[in-house]
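Each chain is listed here by its residues.
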Amino acid sequence: MENFFNIFIKSIFIDNMVFAYFLGMCSYLAVSKTVKTSAGLGIAVVFVMIITVPVDYLINEYLLSPGALSWINPEWAGIDLSFLSFIMFIAVIASMVQLVEMIVEKFSPALYSSLGIFLPLIAVNCAILGGSLFMQEREYQNIGEATAFGLGSGIGWLIAIVAIAAIREKITYSNIPAPLRGLGITFIITGLMGIAFMSFLGITL
Amino acid sequence: MTTESKKKEPLFSAKNKKLFSLPLFGNNPITVQVLGICSALAITVKLENAVVMAISVTAVIAVGNLIISLLRNTIPSRIRIIVQLVVIAALVIMVDQVLKAFVYDVSKQLSVFVGLIITNCIIMGRFEAFAMANKPWPSLLDGIGNGLGYGIILVIIAFFRELLGFGTIWGYKIIPESFYDFGYKDNGFMILPPMALITVGVIIWIQRSKNKDLIEKN
Amino acid sequence: MQHSNSYIFRYSAIMVIIVAAMLAATAELLKPKQLDNIRIEKMQFILSSAGIRVEKKDVIPTYNKFITKELGVDLSGNIVSIFQNGKQEQGTIRPFEISLKEELDKISKGAGDVVLPLYICNNDGKTIFIVPVYGKGLWGPLWGNMAFADDMNTVVGATFDHKAETPGLGSEIATTVFQAQFANKQIFDPSGEFVSVSVVKGGVKNSSTPEAHGVDAISGGTITSNAVSKMLHDCLINYVPYFKKDQ
C-alpha cells in the first residue's frame, strides 16, 4: 500500500509529466488559455490514463515482454515481441479513447458536451503514450503500481495545465514585451514552475 | 534531368525549394506552429542526442510523408487516422531498432523519447495537412524541411545547454581549463528540465523580435 | 472518397500483414547486433571495476584476455559452473549469462537452485575477484560490480550505475569520484565477521563506522546512498560462504 502511495505522489510532483518530461506540451500550450477548458482536457487525460496504463501493463506483461507468452504455451518462452510495444500501445490508446468517447456520449451527454471535443485530441497526446512507455521502462512490479502511476501522472498533468491556465488568465493584463507575448512567456513561466516543482525532489518517500 | 520532370515542373522549382526552406526559419514547426515540443526538450541536454533525435524525426517524417502521399488515393477516409498512426508507429519502431543496434549509448539516453516520436504532432500534422493532398516529391521535400526545421531548434537548444551545462560540445571540452582556474563553473542548472523551457522561450523571443509578423496579439 | 466496408477490411488486413512482416524482419535482422551491444556494455562494466578501462571496440578481446574464468557459485559456496578458455567446463549455464536479478528474486522467495556469477580477472599476475551487485534505489534499479583482491576481503575497485536516480544527487554514485572511495575498503572485520561496506551519511570520520568499512555518502542523496549500502550488504552476503571457503 505504502508503495502505491509513493508512486502516486512521485508521479504527480516529482516526475511530473509536463515539468520533468515535457510530455503533452502541444495540448498543454494550445488549450491552456482559460481555466475552464484546460480543466476539461486535464480531467479527460486523467480519465484515459487510468484506463490505458493498466491495460498496456497487462499487454506488456502477458503478450510482449520476453518470455511473456509462456502462460499460453511453455515452449513459447523464448519469444520476445517487445519490438511491437509502440504499435500496440498506440493502438490501445486510440481504441480506448474511442471507447471512452462512446461510453461518455451514451451515458452522460452533459459530460460529453464538455469533454467530447478533447477526447480525439488525446489520442495524440504524448503524455498518454509517455505514461505507457514509462510504465514499461520502469518495470513496475504489479498492476496496482501501474494504476497508481497512471492516476498520478494524469493528475500531475491536470495540475500543471490548470495552474498555467490560471496564470495565463492573469497575465493577459500584464505589460509583456511584444515579442514575448503568448508562446514565449508561457514557455518561460512553465520553466519557472518547473523549477518550483523541483523543490519536491527533496521529499523523502 | 529526366523527361518526366521536364514535362512537369522542375524538381527544384522555386515553389519546391520554398517547401523545403520555409519550415526551417519562417514557419518553424516548434517556435511558430508550436508542434512537436513534447519529445523535443528532454533530449537536448547533449548535442549528440539532439542530432540523433533530429535525424530520426526527419527520417520518420520524410519517409512517412512519402508513403502517405503515394497511398493517398487508396486510403479509405474513414480509417485515415489509423492508417497514418500505423505508418508512423511502424517507422518509429524501425528507427528504434536501428538506433539500438548502431548507436546503443545514445538510444539508451533517448529511452522512451524515441517511442514518443509517434505522438509528435508535427508528423501527424504534416500527414494531414500536406501529404494527403500532394504528390510524393513535394511531400518528401516538405517532410525533410519540417524535420530539419524541428531539428535545427533541437540543435540550437542542445548547443547552449551542453556548452553551459557541461562545458563541452559533442563531448569535447570547449571551455579551456584556465577558465575554471579563474573560478568559472559549469552551470548544472542548464542540464535540468526547466532550463530547456526557458531556453525555448528565449529563442522564440529572439525570433519574434526579428520577425514582427509572428507577434501574437492579445 | 467513400469506400465500401469490404474495401476497408481488405485494406487494413493487407496493411497489417505488410507492416507486421516488415517489423518482424527488422527486429530479427538487428537483434544479434542489439544483443551484442548489451553484452559489450556488460563486459566493459565488469572490466572497469577491476580498473581496466577500454574503448567499446576493444572490449571483447580485452575481456577474453583479462577475465580468465567465470564461476557460478551456489549459496553454500560450492562451484557449480565454470566457464574458461571460451568453453563451458562445468555446469550448464555460462555465468556471464546469469541474470543476477532473477537469482536474487529466487533467494528472496527461498528457492534452492541459486547460481551466482563471479568473474576472475588476471591483471599482471594479480588475481582479482569481481562480484556483480544489484539492488533497488530510490526511483529504480541500481547495479554494479565490486572487485576484490585475492584475499577476498580488500576492495580493489567498484563501479555502479543506476536507471533513474535524481540527477546531481543520487546519480553521483555513477561518478568515479564516488566509486574511487571504495578502493582498499574491507568487507570482513579483523575477526573474520562479514560487515560489508556502508555508505555513511555525514562522512565516515564523524561516525562510528570504522574507516575500513565505510565511504562518505553523497550529500543530498541519502536514500540512494542507503540503497547502495543495502545493495552491497544483501548481494555480498550471498558470496560469503564461497569467500570463506576459498580464503
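Parameters at a glance
- Residues numbered from 1 in each chain as written.
- Chains lettered and ligands numbered in written order.
- Predicted model: local features only at pLDDT ≥ 70, side-chain atom pairs only at ≥ 80, totals over all residues.
- Heavy atoms only, no water.
- Core = buried A, V, L, I, M, F, W, Y, C linked by side-chain atoms within 4.5 Å.
- Buried < 20%, exposed > 50% of the residue type's maximum accessible area, 1.4 Å probe, protein only.
- Helix = DSSP H or I, 4+ residues; strand = E, 2+ residues; numbered from the N terminus.
- Contact = heavy atoms within 4.5 Å.
- Pairing = 2+ DSSP bridges.
- Axes fitted to C-alpha atoms, helices over the stretch in contact; angles between N-to-C directions.
- Phe/Tyr/Trp six-rings, centres within 6.5 Å; stacked < 30°, edge-to-face > 60°.
- Lys NZ or Arg CZ within 6 Å of the ring centre and 35° of its normal.
- Expected span 1.5 Å × (residues − 1).
- pLDDT = per-residue confidence, 0-100.
- Buried area = accessible area lost by both parts, 1.4 Å probe.
- Salt bridge = Lys/Arg side-chain N within 4 Å of Asp/Glu carboxyl O.
- Polar contact = N/O pair within 3.5 Å; in protein donor to acceptor, adjacent residues only side chain to side chain.
- Nonpolar A, V, L, I, M, F, W, Y, C, P; charged D, E, K, R; others polar.
- 1 Å grid on protein atoms, 1.4 Å probe; cavity = no way out; pocket = protein on both sides within 12 Å on 5 of 7 lines; lining within 4 Å.
- Points joined across faces, edges and corners; volume = space filled by probe spheres on them.
- Parallel < 35°, antiparallel > 145°, perpendicular 65-115°, else oblique.
- Left-handed = near helix turned anticlockwise from the far one by under 90°.

Focus: the nonpolar core
- Tyr28 and Phe187 of chain A are the most contacted members of the largest nonpolar core, which totals 118 residues.
- Tallying contributions element by element places helix α4 (residues 80-102) of chain B first for this core, with 13 residues.
- Residues contacting tyrosine 28 of chain A, with those up to four places away along its chain left out, are Val18, Phe19, Trp157, Ala160, Ile161, Ile164, Thr190 and Met193 of chain A.
- Core analysis: the second largest hydrophobic core is formed by 39 residues, Leu104, Val228, Leu236 and Phe243 of chain C among them.

Comments concerning the pairing of strand β2 (residues 79-84) of chain C
Residues and elements named next belong to chain C.
- The sheet contact formed by strand β1 (residues 67-73) and β2 spans 5 bridges and is antiparallel. From the neighbouring strand, leucine 71 faces β2, where its bridge partner is isoleucine 82.
- Where β1 folds back on β2, the antiparallel hairpin that results is connected by 5 residues, among which glycine 77 adopts a positive phi of roughly 90°.
- Direction of pairing for β2 relative to strand β3 (residues 87-90): antiparallel, over a ladder of 3 bridges. By the bridge assignment, isoleucine 82 is partnered in β3 with glutamine 90.

Quick word on the sheet that holds β1 of chain C
All names here are of chain C.
- Judged by pairing direction, the sheet is antiparallel, and its 7 strands sit side by side in the order β3-β2-β1-β4-β5-β6-β7 without closing on themselves. Two strands close off the open sheet at either side, each with one partner strand: β3 and β7 (155-162). Looking at each pair of strands side by side, their axes are set apart by 20° on average, direction ignored.
- Judged from the 5 bridges that link them, strand β4 (residues 116-123) and strand β5 (residues 126-136) form a sheet pairing that is antiparallel. Bridge assignment links tyrosine 119 to a residue of β5, and that residue is isoleucine 130.
- Across the sheet, helix α3 (residues 100-109) is in contact with β4 and β5; its angle to β5 comes to roughly 65°.
- Each of β1, β2, β4, β5, β6 (141-148) and β7 is contacted by helix α5 (residues 222-246), which is oriented at about 130° to β5, the strand it contacts most.

Focus: the packing of aromatic side chains
- The full count for this structure, using the stated rule, is 18 aromatic pairs over all chains.
- When the centroid spacing of 5.2 Å and the interplanar angle of 40° are considered together, the rings of tyrosine 140 of chain A and phenylalanine 149 of chain A count as tilted.
- For phenylalanine 149 of chain A, a relative accessible area of 1% puts it in the buried group.
- Among the aromatic residues, ring-to-ring pairing joins Phe13, Phe19, Phe197 and Phe200 of chain A into one connected group.
- When the ring centre of phenylalanine 83 of chain C is taken as origin, the NZ or CZ atom of arginine 94 of chain C, which lies over that ring, is 4.0 Å away.

Topic: the environment of serine 65 of chain A
Residues and elements named next belong to chain A.
- Considering the arrangement of structural elements, one finds serine 65 in the loop between α3 (35-64) and α4 (85-107).
- According to the relative accessible area criterion, serine 65 is buried, its value standing at 18%.
- Sequence-wise, serine 65 and glycine 182 are 117 residues apart; in three dimensions their C-alpha atoms are separated by 44 Å.

Structural notes on helix α9 (residues 183-198) of chain A
- For α9 of chain A, with 16 residues, the first-to-last C-alpha span of 22 Å sits near the 22 Å given by 1.5 Å per residue.
- Within α9 of chain A, the full set of buried residues consists of Leu183, Gly184, Ile185, Thr186, Phe187, Ile188, Ile189, Thr190, Gly191, Met193, Gly194 and Phe197 of chain A.
- Buried residues belonging to α9 of chain A abut α1 (2-14), α2 (25-30) and α8 (143-171) of chain A together with α10 (193-210) of chain B.

Here we look at the confidence of the model for chain A
- Of all residues in chain A, 95% have pLDDT values of 70 or greater, and the mean over the chain is 83.
- Of all helices and strands in chain A, the one with the weakest mean pLDDT is helix α6 (residues 119-122) of chain A (72), whereas α8 of chain A scores best (92).

Things to note about the interface of chain B and chain A
- Contacts between the two partners involve 42 residues from chain B, matched on the other side by 40 residues from chain A.
- Counting the surface lost from both chain B and chain A, the interface buries some 3500 Å², and carbon and sulfur atoms represent 84% of this.
- Joining chain B to chain A, the criterion identifies 0 salt bridges.
- Taken together, the links from chain B to chain A amount to 0 residue pairs in polar contact (both at pLDDT 80 or more).
- Elements with a minimum of two residues in the side of chain B that touches chain A: α4, α6 (112-115), α7 (121-129) and α10 of chain B.
- For the side of chain B that touches chain A, the element with the highest residue contribution is α10 of chain B, accounting for 12 residues.
- Taken together, the residues that form the side of chain B that touches chain A break down as 30 nonpolar, 9 polar and 3 charged.

Observations regarding the interface of chain C and chain B
- On the side of chain B, 21 residues touch chain C, which itself brings 21 residues to the contact.
- For the pair chain C and chain B, the two sides together bury roughly 2000 Å², of which 64% comes from carbon and sulfur.
- Along the contact surface separating chain C from chain B lie 1 salt bridge.
- Viewed at the interface, chain B and chain C are joined by 7 residue pairs in polar contact (both at pLDDT 80 or more).
- Within the side of chain C that touches chain B, the residues separate by chemical class into 11 nonpolar, 7 polar and 3 charged.

Re the pattern of salt bridges
- Under the counting rule described, the total for this entry stands at 9 salt bridges over all chains.
- A salt bridge links glutamate 41 of chain C to lysine 108 of chain B; its shortest N-O distance comes to 2.3 Å. Here the residue glutamate 41 of chain C occupies a position in helix α1 (residues 5-49), and lysine 108 of chain B occupies one in helix α5 (residues 104-110), the pair thus bridging two chains.
- A residue is classified by how much of its surface remains accessible, and lysine 108 of chain B, at 41% relative accessible area, is partly exposed.

Brief notes about the layout of surface pockets
- The volume enclosed by the second largest pocket comes to roughly 1100 Å³.
- Elements with a contribution of two residues or more to the lining of the second largest pocket: α1 and α8 of chain A together with α3, β5 and α5 of chain C.
- Considering every element that reaches the lining of the second largest pocket, the biggest residue donor is α5 of chain C, with 8 residues.
- For the lining of the second largest pocket, the residue count by class is 15 nonpolar, 10 polar and 11 charged.

Focus: the packing of α3 of chain A against α4 of chain A
Residue and element names in this part refer to chain A.
- At their nearest, the axes of α3 and α4 sit 10 Å apart, and the two run at 140° to each other. With respect to α4, the element α3 is oriented oblique. Between α3 and α4 lies a crossing whose hand is right-handed. Of the residues in α4, those in contact with Phe47, Val48, Ile51, Thr52, Val55, Asp56, Ile59, Asn60, Leu63 and Leu64 of α3 are Ser85, Met88, Phe89, Val92, Ile93, Met96, Val97, Val100 and Val104.
- In terms of residue class, the contact of α3 with α4 is built from 15 nonpolar, 3 polar and 1 charged.

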